[in-house]
Amino acid sequence: MEKSSAEDTAAAAPATDGPGTASTVPAPGPHPAPGPDRTGPRGAAAGTAGPATIETRGLSKRYRSGQLAVDALDLTVPRGSVFGFLGPNGSGKTTTIRMLMGLIEPTAGKMRVLGEPMPRAARTVLPRVGALIEGPALYGFLSGRDNLVRYDSADPTADPRTRSARVAAALDRVGLTSAAGKKARAYSLGMKQRLGLAAALLQPRELLVLDEPTNGLDPQGMREIRTLVRELADDGITVFLSSHLLDEIEQVCTHAAVMSQGRLITQGAVTELMAASRGRLAVTTPDPAEAVPVLKEHGVTDIVVRDERITGELPADAGAGAGGGRGDTPYDLADLNAALVRAGVRVRAFGTERASLEDVFVALTGEGFDVAG
Ligand SMILES: Nc1ncnc2c1ncn2[C@@H]1O[C@H](COP(=O)(O)OP(=O)(O)OP(=O)(O)O)[C@@H](O)[C@H]1O
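Criteria and thresholds
Residues numbered from 1 in each chain as written. Predicted model: local features only at pLDDT ≥ 70, side-chain atom pairs only at ≥ 80, totals over all residues. Heavy atoms only, no water. Helix = DSSP H or I, 4+ residues; strand = E, 2+ residues; numbered from the N terminus. Contact = heavy atoms within 4.5 Å. Areas by Shrake-Rupley, 256 points an atom, 1.4 Å probe, with all protein chains shown as cover. Expected span 1.5 Å × (residues − 1). Buried < 20%, exposed > 50% of the residue type's maximum accessible area, 1.4 Å probe, protein only. Polar contact = N/O pair within 3.5 Å; in protein donor to acceptor, adjacent residues only side chain to side chain. Axes fitted to C-alpha atoms, helices over the stretch in contact; angles between N-to-C directions. Parallel < 35°, antiparallel > 145°, perpendicular 65-115°, else oblique. Left-handed = near helix turned anticlockwise from the far one by under 90°. Nonpolar A, V, L, I, M, F, W, Y, C, P; charged D, E, K, R; others polar. Pairing = 2+ DSSP bridges. Phe/Tyr/Trp six-rings, centres within 6.5 Å; stacked < 30°, edge-to-face > 60°. Salt bridge = Lys/Arg side-chain N within 4 Å of Asp/Glu carboxyl O.

## Examining the overall build of the protein chain
Counting its secondary structure elements, the protein chain contains 12 helices and 16 strands. When contacts within the protein chain are restricted to residue pairs at least 6 apart in sequence, long-range pairs at least 24 apart make up 69% of them. A total of about 16,700 Å² of accessible surface is found on the protein chain, and carbon and sulfur atoms cover 51% of it.

## Concerning the environment of Leu245
Turning to its location among the elements, Leu245 is positioned in the loop between strand S10 (238-243) and helix H8 (246-252). C-alpha separation for the pair Leu245 and Thr214, spaced 31 residues apart in sequence, amounts to 9.1 Å.

## What to know about helix H6 (residues 189-200)
Working note: α-helix, 3.6 residues per turn, so residues spaced by three or four point in the same direction. Its 12 residues place the ends of H6 17 Å apart at the C-alpha level, agreeing with the 16 Å of an ideal helix rising 1.5 Å per residue. In terms of residue burial, H6 counts as a mostly covered element, since 10 of its 12 residues are buried. Within the sequence span of H6, burial applies to Gly190, Met191, Gln193, Arg194, Leu195, Gly196, Leu197, Ala198, Ala199 and Ala200.

## Looking at the side chain of Ser60
For Ser60, the location among the structural elements is in strand S2 (residues 54-62). The exposure class assigned to Ser60 is buried, which follows from its relative accessible area of 11%. A polar contact of 2.9 Å, which involves the side chain of Ser60, links it to the backbone nitrogen of Ala72. If we skip the residues at most four places from it in the chain, Ser60 touches Val70, Asp71, Ala72, Met99, Pro106, Thr107 and Ala108.

## A short note on the environment of Ala198
Within the secondary structure, Ala198 sits in helix H6. The exposure class assigned to Ala198 is buried, which follows from its relative accessible area of 0%. For the pair Ala198 and Arg145, spaced 53 residues apart in the sequence, the C-alpha separation amounts to 9.9 Å. Setting aside residues no more than four positions away along its own chain, Ala198 makes contact with Leu148, Ala170 and Val174.

## Some thoughts on the packing of helix H4 (residues 144-153) against H6
Two quantities define a packed helix pair, namely the angle between the axes and the distance from one axis to the other. At a minimum axis distance of 10 Å, the contact between H4 and H6 shows a crossing angle of 30°. Taken together, H4 and H6 sit at an angle that is classed as roughly parallel. Seen along the crossing, H4 lies across H6 with a hand that is right-handed. Taken together, the residues of H6 that come into contact with H4 (itself represented by Gly144, Asn147, Leu148 and Tyr151) are Leu195, Ala198 and Ala199. A class-by-class count of the residues in the contact of H4 with H6 yields five nonpolar, two polar and no charged.

## As for the sheet that holds strand S14 (residues 301-306)
Across the sheet, which stays open at both edges, the four strands sit in the order S14-S15-S13-S16 with antiparallel pairing between neighbours. Both edges of this open sheet fall to S14 and strand S16 (349-352), since each of them pairs with a single strand only. The mean inter-strand angle of the sheet, taken between neighbouring strand axes irrespective of direction, is 15°. As judged from the four bridges shared by strand S13 (residues 281-284) and strand S15 (residues 309-313), these two strands associate in the antiparallel manner. The residue of S15 that forms the bridge with Ala282 is Thr311. Its contacts with the sheet put helix H10 (residues 288-297) on S13, S14 and S15, and the angle it makes with S14 is roughly 170°. Set on the sheet, helix H11 (residues 333-342) makes contact with S13 and S16; between it and S16 the angle comes to about 150°.

## Brief notes about the packing of aromatic side chains
Within a pair of aromatic rings, the relevant descriptors are the distance that separates the centres and the angle that separates the planes. Within this structure, the stated rule accounts for three aromatic pairs. Consider the rings of Phe83 and Phe240, whose centres lie 5.7 Å apart with planes at 15°: the pair is stacked. With Phe83 in strand S5 (residues 82-86) and Phe240 in strand S10, this residue pair connects regions lying 157 residues apart in the sequence. Here the two residues Phe83 and Phe240 agree in accessibility, since each one is buried. For the ring pair Phe85 and Phe240, a centre distance of 5.2 Å and an interplane angle of 40° mean the geometry is tilted. Here Phe85, found in strand S5, pairs with Phe240, found in strand S10; they are 155 residues apart in sequence, far enough to count as distant.

## With respect to the pairing of strand S12 (residues 263-269)
As judged from the six bridges shared by strand S11 (residues 255-260) and S12, these two strands associate in the antiparallel manner. Paired with Ala256 across the two strands is Gly268, which belongs to S12.

## Description of the pattern of salt bridges
For the structure on display, the rule yields 13 salt bridges. Ionic pairing is found between Glu55 and Arg57, a salt bridge with its closest N-O pair at 2.9 Å. With relative accessibility at 40%, the residue Arg57 sits in the partly exposed group. As a salt-bridge pair, Arg128 and Glu206 come within 2.9 Å of each other at their nearest N and O atoms. Separated by 78 residues along the polypeptide, Arg128 in the loop between helix H3 (122-125) and strand S8 (129-133) and Glu206 in the loop between H6 and strand S9 (207-211) bring together distant segments of the chain. Judged by its relative accessible area of 21%, Arg128 falls in the partly exposed class. Residues participating in the shared-partner salt-bridge network are Asp152, Arg163 and Arg166.

## What to know about the side chain of Thr285
Relative to the elements of secondary structure, Thr285 occurs in the loop between S13 and H10. The residues touching Thr285, leaving out its near neighbours within four places in the chain, are Ala291, Glu308, Ile310, Val345, Arg346 and Arg348.

What follows is the structure, encoded as structure tokens:
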């Protein structure tokens with residue numbers, strides 16, 4: 001990625017920034033003195049009530065090159081959500097994350113993180129936020145444990161007397177206890193990501209910001225990160241993760257926003273986004289010629305016949321019924337099926353094709369989706 005322009009100089013890379021390309025928990029300036037709230041129970045209870053964890057209004061970024069990377073973004077990340085920030089490469093996700101973390105200045109607009117204005121409140125907000133942006137910065141010649149000790153030592157608010165307990169707890173949290181003594185260079189990519197997460201979790205956090213956390217991981221590594229994200233969310237941490245993988249968003253996120261070319265296309269609960277794209281009707285029958293008029297009579301449109309398989313759009317204003325078998329298809333499919341049978345159509349299979357978030361994305365943007373990587 002070619003994002004290290006002069007505009008990134010505000011990046012306040014932590015003193016711990018090692019040979020990697022990323023920074024973990026980049027808090028500009030000194031941390032505040034530890035308050036009682038930092039040693040208390042982790043975060044707030046999960047739930048989407050109360051003020052949003054992240055809120056932006058008209059947030060925009062134009063790079064000096066003239067590129068408008070983020071265009072008037074109004075984003076609302078509910079507290080307690082696992083929020084997927086979705087969009088193809090170059091759609092402005094990383095730029096948005098960098099603005100939220102105070103790494104680069106917006107050109108216009110406002111943003112609040114944990115209820116506080118950013119970047120003004122960065123010094124009090126960022127210690128409550130764990131971030132993993134573009135992979136963890138690790139020293140390969142140090143063990144996993146010693147990498148964490150290094151991170152912890154660089155935090156002026158971290159009490160050295162409780163360091164080893166904190167490091168052990170973080171290793172345990174990400175399932176790396178038994179591999180803690182191994183050199184980080186011997187870790188798989190997934191283990192390195194988990195170690196990066198452990199570094200972000202050395203202190204109690206209310207928000208975790210993860211930029212493409214599963215990028216480049218094999219399926220097993222992806223599963224591990226997803227499981228971990230779910231566990232963290234169960235603990236009440238709001239997780240904001242960017243991804244260009246639609247599957248990932250469907251599997252792990254409660255809420256999502258879709259970006260395209262710097263603009264927000266849609267945002268909301270994943271179930272609502274999916275409901276916006278209803279499944280197509282799919283009928284398998286050896287009598288397609290007889291079936292098509294019946295389907296038309298029942299308001300099915302955009303009918304496509306391929307051999308014995310017929311698909312079509314169900315009517316938008318169809319009344320609620322019990323036959324659909326899917327909560328998001330309020331159409332009484334049982335009646336339609338019965339009508340086909342009454343008309344002498346032999347039905348082999350009948351149902352709706354499951355709409356995916358990818359269908360939603362394509363429907364919203366008219367774009368394909370880069371699913372490579
Ligand atoms: N430092 C920079 N200087 C100039 N243009 C940039 C810079 N960083 C990103 N861009 C451009 O801004 C646009 C948005 O990029 P951004 O990295 O935010 O997107 P993204 O959705 O995170 O994509 P990716 O998944 O590739 O990281 C792209 O056109 C990119 O080329």
